[in-house]
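Next come the chains, spelled out residue by residue.
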Amino acid sequence: MQFVSAKGAQMPALGLGTWSLSGQTCYDAVRAALEIGYRHIDTARLYGNESEIGAAIRDSGIARTEIFITTKIPMGELHAPQVRRNVAQSLKRLGTDYIDLLLIHWPSRREPLAETLGAFAEAKAKGQTRFIGVSNFTVALLREAIETHRADIVCNQVEYHPYLSQRPVQAATAQYGLILTAYSPLARGRVATDRDLARIGQAYGKTPSQVALRWLLDQPNVATIPKSTTQPHLTANFAIFDFALSAADRAVIDAKRTDLRLVDPAGWAPEWDPA
Ligand SMILES: NC(=O)c1ccc[n+]([C@@H]2O[C@H](COP(=O)([O-])OP(=O)(O)OC[C@H]3O[C@@H](n4cnc5c(N)ncnc54)[C@H](OP(=O)(O)O)[C@@H]3O)[C@@H](O)[C@H]2O)c1
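Residues numbered from 1 in each chain as written. Predicted model: local features only at pLDDT ≥ 70, side-chain atom pairs only at ≥ 80, totals over all residues.

Secondary structure summary: the protein contains 10 helices and 10 strands in total. The C-alpha atoms of the protein give 18 Å as radius of gyration, which agrees with the globular expectation for 275 residues (19 Å, within 12%). Burial analysis of the protein (275 residues in total) assigns 46% to the buried set. Once local pairs closer than 6 in sequence are excluded, the contacts in the protein between residues at least 24 apart make up 74%. (Helix = DSSP H or I, 4+ residues; strand = E, 2+ residues; numbered from the N terminus. Rg over C-alpha atoms; globule rule 2.2 N^0.38 Å. Buried ≥ 20, exposed ≤ 12 C-beta atoms within 10 Å, placed from the backbone. Contact = placed C-beta atoms within 7 Å.)

So, in structure tokens, the structure goes:
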């Protein structure tokens, strides 16, 4: 396993995404992933699956310290008392004494960032979470969090795949020494039928999806969290540590990067940086 690190946080570069997984499907996917060797699970209060993830981790018999758990608190729950309540509830559902990384799921226009970051810092000081971070933050929001509010964040989780350039955000995360966690790294399955990625993959004996994940993890301080519910995909997505893309192949994929944003909820998303 490859790791990424920032400000004392060490995160397995590949994790399992769990958005939309629920009940037995979620439990089975997490158990299967842990069997394969995944040691990083991404969830959120909004996904409604923290209890299943907690049960799968407990039943796996793997030591809690071996597994990196990220969860997120949603917009609308970001005032300090709500943060305190959400943290307590997530810990209970996950069946753990601590979260590894607690994220602001989406930036909020109504709840003051300083208040939320203060409550996140409090959770960290109490040992309820080892690290704190943000998700779906633009360059301006990162600047506000770090330069205005002096937040000790380690990560910005954003949509990132071969069809969405994140150059401005990537430059800002690098400038501030943060991890960029790429969500929807397979463009929700679209990369699987990409002809350029398929052609590149042939030379390495890899699928287009594996090429897309390798391309992400070849970039400095980028982690990623593909989701899968099927054993062959879970296994394939984990089999990306035995090859490296050539500079020429990386350049072909870099050149594909455009502005295909798949996660852009109206009235909710911030004003994104230009692609
Ligand atoms: N912070 C945020 O606001 C935010 C937003 C969106 C997502 N996320 C996180 O990021 C995670 C991943 O993103 P995502 O779920 O949107 O999409 P994704 O990981 O890009 O794609 C998932 C889709 O790809 C398919 N797939 C997985 N492995 C494959 C393979 N090897 N070959 C072909 N198809 C494959 C899956 O189907 P199968 O199940 O059949 O394999 C599923 O339909 C989420 O689950 C969530 O944890 C965070």
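Next comes the rest of the account.
One can find glycine 61 in the loop between helix 2 (50-60) and strand 5 (68-73). Accessibility expressed as a C-beta count within 10 Å gives 7 for glycine 61, which makes it exposed. With 135 residues separating them along the chain, glycine 61 and aspartate 196 place their C-alpha atoms 41 Å apart.

A separate point is the nonpolar core. If you look at the biggest cluster of nonpolar residues, it comprises 75 residues, and the most contacted ones within it are Val30, Leu102, Ala145, Ile153, Val154, Ile179 and Ala212. The contact partners of leucine 102, leaving out residues within four places of it in the chain, are Thr71, Val87, Phe120, Ala123, Thr129 and Ile132. (Core = buried A, V, L, I, M, F, W, Y, C linked by C-beta atoms within 7 Å.)

Quick look at the sheet that holds strand 6 (residues 99-104) now. One open sheet holds the 8 strands; their spatial order is 3-4-5-6-7-8-9-10, and the pairing between them is parallel. The open sheet has two edge strands, strand 3 (16-17) and strand 10 (222-224), and neither has a second partner. Across the face of the sheet, helix 3 (residues 80-94) comes into contact with strand 5 and strand 6 while running at roughly 140° to strand 5. (Pairing = 2+ DSSP bridges. Axes fitted to C-alpha atoms, helices over the stretch in contact; angles between N-to-C directions.)

A word on the site of the ligand. With respect to spatial proximity, 27 residues lie near the ligand, and among them Gly17, Trp19, Tyr183, Lys227 and Ser228 are the closest. With 3 residues, helix 9 (residues 231-238) is the single largest residue contributor to the shell around the ligand. Of the residues contributing to the shell around the ligand, the split by class is 10 nonpolar, 14 polar and 3 charged. (Near = placed C-beta within 6 Å. Nonpolar A, V, L, I, M, F, W, Y, C, P; charged D, E, K, R; others polar.)

The next point concerns the pairing of strand 2 (residues 9-12). Of the two faces of strand 2, only one is covered, namely that formed by Ala9 and Met11; the face formed by Gln10 and Pro12 stays uncovered. Bridging between strand 1 (residues 3-6) and strand 2 involves 4 bridges; their strand directions are antiparallel. Bridging across to strand 2, alanine 6 finds its partner in alanine 9.

Side-chain positions along a regular strand alternate between the two faces of the sheet. Of the two faces of strand 1, only the one carrying Val4 and Ala6 is buried; Phe3 and Ser5 on the other face are not. Connecting strand 1 to the next strand, strand 2, in antiparallel fashion are 2 residues, including lysine 7 with a positive phi near 50°.

What follows deals with helix 3. Residues separated by three or four positions in an α-helix point in the same direction, a consequence of the helix having 3.6 residues per turn. The end-to-end C-alpha distance of helix 3, which contains 15 residues, comes to 21 Å, matching closely the 21 Å that a straight helix rising 1.5 Å per residue would cover. Considered for burial, the residues of helix 3 that qualify are Val83, Asn86, Val87, Ser90 and Leu94. Projected down its long axis, helix 3 carries its buried residues within an arc of 105°, all on one side. Every exposed residue of helix 3 that faces more than 90 degrees away from the buried side is listed here: Pro81, Ala88 and Lys92. Buried residues along helix 3 sit against helix 2, strand 5, strand 6 and helix 4 (113-125). Taken from the residues just after helix 3, glycine 95 is the one with a positive phi, measuring 65°. (Expected span 1.5 Å × (residues − 1). Arc of directions from axis to C-beta.)

Turning our attention to unusual backbone geometry. Peptide bonds are trans in most cases, and residues, glycine excluded, mostly fall at negative phi. If you check the backbone angles, alanine 187 has positive phi at about 50° while not being a glycine. Position of alanine 187 among the secondary structure elements: in the loop between strand 9 (179-183) and helix 7 (195-204). What makes alanine 187 partly exposed here is the crowd of 19 C-beta atoms within 10 Å. Notably, arginine 188 is not glycine yet its phi reads approximately 55°, a positive angle. Position of arginine 188 among the secondary structure elements: in the loop between strand 9 and helix 7.

This next bit is on the packing of helix 7 against helix 8 (residues 208-217). At a closest axis distance of 8 Å, the pairing of helix 7 and helix 8 adopts a crossing angle of 85°. With respect to each other, helix 7 and helix 8 are oriented roughly perpendicular. Facing helix 7, whose interface residues are Leu197, Ala198, Ile200 and Gly201, helix 8 presents Pro208, Gln210, Val211 and Ala212. Classifying every residue of the contact of helix 7 with helix 8 gives 6 nonpolar, 2 polar and no charged. (Parallel < 35°, antiparallel > 145°, perpendicular 65-115°, else oblique.)

Now for helix 7. Every buried residue of helix 7 is listed here: Leu197, Ile200 and Gly201. End-on view of helix 7: buried residues confined to an arc of 100°, all on one side of the axis. Exposed and facing more than 90 degrees away from the buried side of helix 7 are Arg195, Gln202 and Ala203. Looking at the buried residues of helix 7, the elements they touch are helix 8 and helix 10 (247-254). Of the residues one or two after helix 7, glycine 205 is the one with positive phi, at around 70°.

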